[in-house]
Amino acid sequence: MSDKDKEGRKIIAENRRARHEYFVEDVIEAGLVLTGTEVKALREGKANIAESYASPEDGAIWLLNANIPEYSAGNRENHEPKRKRKLLLHKREIARLAQAVERKGYTLTPLRLYFNERGRAKLELGLAQGKKIHDKRDTSKERDWNRQKQRLLRDRG
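Engineer: Honestly, the overall build of the chain in this entry has me stumped. Any pointers?
Structural biologist: When its secondary structure is counted, the chain shows four helices and seven strands. When its helices and strands are written in sequence order, the chain yields β-α-β-α-β-β-β-α-β-β-α. With respect to the principal axes defined by its C-alpha atoms, the chain has extents near 60 × 40 × 25 Å. Scored against the burial criterion, the 157 residues of the chain give a buried share of 36%. When contacts within the chain are restricted to residue pairs at least 6 apart in sequence, long-range pairs at least 24 apart make up 64% of them. Only carbon and sulfur atoms are counted for the fraction: they give 45% of the accessible area of the chain, which is about 10200 Å². Measuring between centres, the 36 positive side-chain charges of the chain sit 2 Å from its 25 negative side-chain charges.

See the structure below:
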């Protein structure tokens, strides 16, 4: 995947289901602690964050269940694909996110994994609350209506 977004960032992986499953209230950019082979595998464009989530543990926030497959040209020193990865955030952000998760019942969902302008791997993390079934239906109805409006405007105008 070598598509770039509006800010010129190279998107590696995107969690499209997150916005369908959750109300995303806040978006935070976090760095990742990665090994060399993980960065090389990401440069190949191979990663999956659809099933992953973040969790506060031991005074830090960790990315769990994110799949970065082994680097194809790697040797026996290759990384483990689904290992725990530490997220780099400021202490105040960690405290605020941990408090929101523990007290208010929020979830930390990864939305996007990308390389920024300086070539550093970053994770867009969403502070989100789960949607109920009727909320998901309302969202899909609204999305369909907006598409239909766009078609009508395009055809008539």
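Engineer: How should the side chain of S55 be read in this particular structure?
Structural biologist: Position of S55 among the secondary structure elements: in strand β3 (residues 53–57). Assessed through its relative accessible area of 18%, S55 is described here as buried. For S55, the residues in contact, after removing those within four places along its chain, are A60, I61, W62 and L64.

Engineer: Looking at this model, I keep getting lost on the environment of N15. Mind explaining?
Structural biologist: Relative to the elements of secondary structure, N15 occurs in the loop between β1 (10–14) and α1 (17–21). Expressed as a C-alpha distance, the spacing of N15 and E102, which sit 87 residues apart in the sequence, is 23 Å.

Engineer: Is there a simple way to think about the nonpolar core in this case?
Structural biologist: Generally speaking, soluble globular proteins have nonpolar side chains that are buried together. Membership of the largest hydrophobic core comes to 27 residues, with the highest contact counts inside it found for I61, L87 and L113. Elements represented by at least two residues in this core include exactly β1, β2 (22–32), α2 (36–43), β4 (60–64), α3 (91–103), β6 (107–115) and β7 (121–130). When residues in this core are grouped by element, the largest group, four residues, is from β7. Each residue touching I61, except ones within four places of it in the same chain, is listed here: A54, S55, P56, R85, K86, L87, L89, I94, L97 and L108.

Engineer: Would you mind showing me how to read unusual backbone geometry here?
Structural biologist: Only a minority of non-glycine residues have a phi that is not negative, and only a minority of peptide bonds are not trans. With a phi close to 55°, D58 is a non-glycine residue in the positive phi region. Residue classification places D58 among the exposed positions, given a relative accessible area of 78%. Even without being glycine, N65 reaches a positive phi, approximately 65°. For N65, the position within the fold is in the loop between β4 and β5 (85–88).

About the thresholds
Residues numbered from 1 in each chain as written. Predicted model: local features only at pLDDT ≥ 70, side-chain atom pairs only at ≥ 80, totals over all residues. Heavy atoms only, no water. Helix = DSSP H or I, 4+ residues; strand = E, 2+ residues; numbered from the N terminus. Buried < 20%, exposed > 50% of the residue type's maximum accessible area, 1.4 Å probe, protein only. Contact = heavy atoms within 4.5 Å. Areas by Shrake-Rupley, 256 points an atom, 1.4 Å probe, with all protein chains shown as cover. Lys, Arg positive; Asp, Glu negative; His and termini not counted. Charge placed at Lys NZ, Arg CZ, Asp CG, Glu CD. Core = buried A, V, L, I, M, F, W, Y, C linked by side-chain atoms within 4.5 Å.

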